[in-house]
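Okay, here's what each chain looks like letter by letter:
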Amino acid sequence: MSRARTLARAAVLTLLATVGLTAGGLPTERADAASATAADAWFAPELDWSTDAPEGYARRLGETPAAYGIRLSYPVDSETTDRWQRAATAAAAQGAGLILTFEPTRPLDALTTQDAAELAERLDSVRAAYGIRQRVRFAPEMNGSWVAWGQQPTSYVAAFESVASAVHAGTSGAQMVWVPSYGAGYPFDRADGRLDALSPSDEDELDTDDDGRLTEADDPYGPYFPDPDAVDRVGLTLYYFGKGEAAAAAGRDVPLVRNDAPEAGEFAARLDERWGYTVQQTRAFVDRFAAPDRRMEIDTGALFDPAREGDDELAVKRGWWQQVLTEVAALPAVDTVTWLEAERSEAEAGAAEVDWRVTADAGMAAAFRSDLDATGRFVWAPITPPVTPEQGLGALTDAARQDGADAVVPAAWTMAGAAALLIAALIARRRAPRWRYPETDEGRDLRWDALRGIGIIVGAALLLTTLDPLSATTGGAGGVTGAEVFLAISGIVLATGYRRRLNALGVGDALSRGWRRAGRLYATTLVVVIAVFALGFVPFVNTTGVSTLADTTSGRVYDLYPNAERLLDYPPPAYAVWDLLLLRMGPWPLIVLGVFIALSVIAPLLLWLLRRRLWWLVVALSLAGFAVSAALPGVARLPTQFDAVYPLLAWQLPFVLGLVVGFHRDVLSRFSRRRGAGAVLLIVVLVWAAVLGSAATVLPGAAPWLGVGPGGLSALRLLDSAALLGVGFAVLTWAWRPLARALSPVWLPFGQASLGVFCAQVFVLIAFASVPALATDDPAVRLIAAAAGVLALWAGASIAVRLRPPRAQGR
């Protein structure tokens, strides 16, 4: 293959890889909508959360609503808490609020103050964790006969006031919203005939005209209104069911015959309480309950039955929403519109499934957004600062920085210990030259496998003992067993093997093999990501320990599988597929593998440059990338999980330097044979130990500087890792035979099956979380479990190594 064809092929493949990593990212957050004022109106779709999600809705609409509606069971149980948590996480990621509709699952008079207290406590914790704004709509449409809590004014008012008292006593700032149904057709006896079940006291309460009967002449709202101090906001459900003229607009016994666009002025007539009544109301709802003391919400939507003839869907729905928006624009008291965004069966349509959505069709969504914008009243998210999974992952980086800043003294002692170990190896070099590692130009260099295995053993033991995500990113004292060690060793091993391939197979074939290796690594990671997601549906298997991050200080829970449930839709939405393919979802112990995948894509080109003797250019580019990441941390960030913890521009440095070292393995080997090599290395380690000791005591102001760097990759971690890798390599070189005899059965399986161990750790953690007896802070139990976990990982790695066919080094 000619040089020109090789370069062209490399450029095309690199371009495709870059597009794959950067395509499909989320739209950037709006900087011009950082906050909302009291005069701004909210638009809030009520989603079918079983088939939809805020991210999908925002993409379809082309804008992010100020809030989302969700219906939840009350009292709050574990299932409700889980649904609420997922909704809060998704809304908080956009800086949107939540309008929470709580529907009682027990009789109203069976609800307790403890139920209300638990609801308020959950509101407080969500607010504290995410800072989102919440509204509580308790038992809406209470004047209707179609809900289990309907037409029971005495019990309803008591239950509402109990909930309001608990909510107002809390710290959530949540507002209580009172939401009856539009009163035309009241008391709705034509619907379900439930009026015979009224208690005498309720019947007396509902007979507002004192004629001894409950009829359409009675007030459809007043008997259900709680103490004014309990009500922060009011709302009114005003759905369009397409039933034609006003006289036939209410009641489910009126059949839906065809799809008809709304009559002109219908919504305005409803607001004036003039539509569908046989006995005219004296005052409009908004005048009685909203203006001037309370703000008002409109809960609405327009029904369309695809199986029926008549006007088309856009005529029906736009005809309704334009009337709604026209009136809202003229009524300052109305500052929220919620729209039902779902498909569901409706009794009004003969139990047929109908469509309330306005964003399923792109053209309709565009028209809807245009009309919302035209009112000039609606504010878009974020209305509070967004809280994203990437921020949770970034918290690991912040903790890693703090860990590094506090680790100067331990690192100094570590370097002193390394110096002592190096002195012992130097004595062995002189007294027992036959212990030296048998270096050849062929085969796998087991020293690097041993070093990688030692690092994995220490890291796995620490992770399984503490069950702490931070252990996956920082490692031990001084961060010396962190990801930078594995990246450096991977670069060395990869370069050592591919140098031979470049010479033996040619540039084109070697590059192709390198990209195939990256593909295998990517495919393996995807399999684990999907497997963890699937295990979450298995009874008694708890995957939340690896699929979420919990901040115990703030109570915030970061979902690391955003939109994963949408992958079960048919067909799955494109944004959920991209989230999977771009590794925007996955368990936190695997996050570091994303760095390896990205670096494996560019490694073949860097090796090609090294073969051209352009090592200086490779090093210069790597240092420049690190400097850019340090100075401009927001530049060139990839839309993946790993880049929030391991920004690629920074974390490529140990890998690239490892490539350079591995490609020039012969230079390293020649240096290790020189008589003064050990003395030089010893001096370097002692000097570095002295620098660390001085920074911690004589110059304490330098200690934080040593521990801070882009993405947590500080000077301390880089230099510690380099020193310890040098010491480790020297010790293994000069005392290989006795060490290998004693320890190689332990460390080599971990080092040679490192990818498998990384993946297996995830499932060990899931097993730990799924055994209730291990959910304890008892250090003895933790230690025994960790030992068992490490033993299981070793057994699996040993079997994998034995079953693996012989391979050339570096593959």
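Because the structure is a prediction, the values reported are computed rather than measured. (Residues numbered from 1 in each chain as written. Predicted model: local features only at pLDDT ≥ 70, side-chain atom pairs only at ≥ 80, totals over all residues. Heavy atoms only, no water.)

## Focus: the overall build of the protein chain
Okay, step 1: Of the regular secondary structure elements, the protein chain holds 29 helices and 12 strands.
Okay, step 2: Of all 811 residues assigned to the protein chain, the portion counted as buried reaches 53%.
Okay, step 3: Put simply, 78% of the contacts in the protein chain that link residues at least 6 apart link residues at least 24 apart. (Helix = DSSP H or I, 4+ residues; strand = E, 2+ residues; numbered from the N terminus. Buried < 20%, exposed > 50% of the residue type's maximum accessible area, 1.4 Å probe, protein only. Contact = heavy atoms within 4.5 Å.)

## Things to note about the confidence of the model for the protein chain
Okay, step 1: Mean pLDDT over the protein chain stands at 83; residues scoring 70 or higher make up 84%.
Okay, step 2: Below pLDDT 50 for its whole length, residues 247–252 participates in 15 contacts with residues either more than four positions away or in separate chains. (pLDDT = per-residue confidence, 0-100.)

## Regarding unusual backbone geometry
Okay, step 1: The omega torsion of the bond from Y186 to P187 falls at 10°, within 30 degrees of zero and hence cis.
Okay, step 2: Among the secondary structure elements, P187 is positioned in the loop between β5 (175–178) and α6 (189–192).
Okay, step 3: In the segment running from Y570 into P571, the intervening peptide bond is cis, with an omega of -10°.
Okay, step 4: Checked against the element boundaries, P571 lands in the loop between β12 (557–559) and α18 (574–581).
Okay, step 5: Although it is not a glycine, Q151 sits at a positive phi angle of roughly 55°.
Okay, step 6: The residue Q151 is located in the loop between β4 (134–138) and α5 (153–169) in this model.
Okay, step 7: The exposure class assigned to Q151 is buried, which follows from its relative accessible area of 3%.
Okay, step 8: Even without glycine at this site, E273 takes up a positive phi of about 60°.

## Thoughts on the packing of helix α3 (residues 78–94) against helix α4 (residues 113–130)
Okay, step 1: Interhelical geometry of α3 versus α4 gives an angle of 25° and a closest axis separation of 11 Å. Between α3 and α4, the interaxial angle falls into the category roughly parallel. Judged by the sense of rotation from one axis to the other, the crossing of α3 with α4 is right-handed. Where α3 abuts α4, its residues T81, W84, Q85, A88, T89 and A92 lie against L119, R122, L123, V126 and Y130.
Okay, step 2: A per-class count over the contact of α3 with α4 returns 7 nonpolar, 3 polar and 1 charged. (Axes fitted to C-alpha atoms, helices over the stretch in contact; angles between N-to-C directions. Parallel < 35°, antiparallel > 145°, perpendicular 65-115°, else oblique. Left-handed = near helix turned anticlockwise from the far one by under 90°. Nonpolar A, V, L, I, M, F, W, Y, C, P; charged D, E, K, R; others polar.)

## Here's the deal with the nonpolar core
Okay, step 1: Ranked by size, the top nonpolar core spans 173 residues in total, and within it F43, W84, F102, F138, Y156, W178 and M296 carry the most contacts.
Okay, step 2: Examining the composition of this core, we find that 14 residues originate from one element, helix α19 (residues 591–611), more than from any other.
Okay, step 3: In this structure, W688, L692, V727 and W734 belong to the second largest nonpolar core, which totals 19 residues. (Core = buried A, V, L, I, M, F, W, Y, C linked by side-chain atoms within 4.5 Å.)

## Re the packing of aromatic side chains
Okay, step 1: Considering all chains together, one arrives at 35 aromatic pairs under this definition.
Okay, step 2: Taking the centre distance of 5.4 Å and the plane angle of 70° together, the rings of Y239 and W356 count as edge-to-face. Separated by 117 residues along the polypeptide, Y239 in strand β6 (residues 233–240) and W356 in the loop between β10 (352–355) and α11 (362–375) bring together distant segments of the chain. Comparing Y239 with W356 shows no difference in burial state: the two are buried.
Okay, step 3: Three or more aromatic residues joined by ring pairs form one cluster here, namely Y74, W84, F102, F138, Y156 and F160.
Okay, step 4: Looking at R122, its charged tip hangs above the ring of W84, at a distance of 5.9 Å from the centre.
Okay, step 5: In this arrangement the basic side chain of R135 is found over the ring face of W42, its NZ or CZ atom lying 3.8 Å from the centre. (Phe/Tyr/Trp six-rings, centres within 6.5 Å; stacked < 30°, edge-to-face > 60°. Lys NZ or Arg CZ within 6 Å of the ring centre and 35° of its normal.)

## Points about the environment of A753
Okay, step 1: Position of A753 among the secondary structure elements: in the loop between α27 (736–752) and α28 (754–770).
Okay, step 2: It is 5.6 Å that separates the C-alpha atoms of A753 and A797, two residues lying 44 residues apart in sequence.
Okay, step 3: Filtering out sequence-adjacent residues up to four positions away, A753 remains in contact with A797, V801 and R804.

## Here's the deal with the pattern of salt bridges
Okay, step 1: Counted under the stated rule, the structure contains 31 salt bridges.
Okay, step 2: In this structure, R59 engages E55 in a salt bridge whose closest nitrogen and oxygen atoms are separated by 3.1 Å. Of this pair, R59 and E55 both sit in helix α2 (residues 54–61), 4 residues apart, roughly one helical turn. (Salt bridge = Lys/Arg side-chain N within 4 Å of Asp/Glu carboxyl O.)

## Quick word on α18
Okay, step 1: All of the buried residues along α18 are Y575, A576, D579 and L580. Projected down its long axis, α18 carries its buried residues within an arc of 140°, all on one side.
Okay, step 2: L583 occupies a position one or two residues after α18 and carries a positive phi of about 55°. (Arc of directions from axis to C-beta.)

## Concerning the environment of I298
Okay, step 1: Tracing the sequence through the fold places I298 in strand β7 (residues 295–302).
Okay, step 2: Residue I298 is classed as buried on the basis of its relative accessible area of 1%.
Okay, step 3: On a C-alpha basis, the gap between I298 and D335 in space is 8.4 Å, while along the polypeptide they are 37 residues apart.
Okay, step 4: Once residues lying within four places of it in the same chain are set aside, the contact partners of I298 are L236, L238, F267, L271, V334, T336, V337 and T338.

## Section: helix α26 (residues 715–734)
Each α-helix winds once per 3.6 residues, and so residues spaced three or four apart point in a common direction.
Okay, step 1: Along its 20 residues, α26 runs 28 Å from first to last C-alpha, staying within 8% of the 28 Å computed at 1.5 Å per residue.
Okay, step 2: Among the 20 residues that make up α26, 15 are buried, leaving the element largely enclosed by the rest of the structure. (Expected span 1.5 Å × (residues − 1).)

## What to know about the packing of α26 against α27
Okay, step 1: One can describe the packing of α26 onto α27 by two numbers: an axis separation of 8 Å at closest approach and a directional angle of 115°. Two secondary-structure elements touch here, α26 through V731, L732, T733 and W734 and α27 through W736, L739 and W747.
Okay, step 2: Residue composition of the contact of α26 with α27, grouped by class: 6 nonpolar, 1 polar and no charged.

## Focus: the side chain of T215
Okay, step 1: Tracing the chain through its elements places T215 in the loop between α7 (200–206) and β6.
Okay, step 2: Look at T215 and you get buried, because its relative accessible area is 19%.
Okay, step 3: Residues contacting T215, with those up to four places away along its chain left out, are Y186, P187 and D209.

## Concerning the pairing of β7
Okay, step 1: By the criterion of burial, β7 is predominantly enclosed, with 7 of the 8 residues buried.
Okay, step 2: Note: β6 against β7, 8 bridges, orientation parallel. What sits directly across from V234, in β7, is M296.
Okay, step 3: In the sheet, β7 pairs with strand β8 (residues 334–341) via 5 bridges, with the strands oriented parallel. The partner of T300 across the bridge, within β8, is W339.
Okay, step 4: Considered for its hand, the β-α-β crossover made up of β7, helix α10 (residues 313–330) and β8 is right-handed. (Pairing = 2+ DSSP bridges. Right-handed = clockwise from strand over helix to strand, strands pointing away.)

## Points about a nonpolar patch on the surface
Okay, step 1: Taken together, V628, L632 and V635 make up a surface patch of nonpolar side chains, about 220 Å² in accessible area.
Okay, step 2: Tracing the sequence through the fold places L632 in the loop between α20 (615–631) and α21 (642–645). (Patch = residues over 30% accessible without salt bridge, like charges linked within 9 Å, V, L, I, M, F, W, Y side chains within 5 Å. Areas by Shrake-Rupley, 256 points an atom, 1.4 Å probe, with all protein chains shown as cover.)

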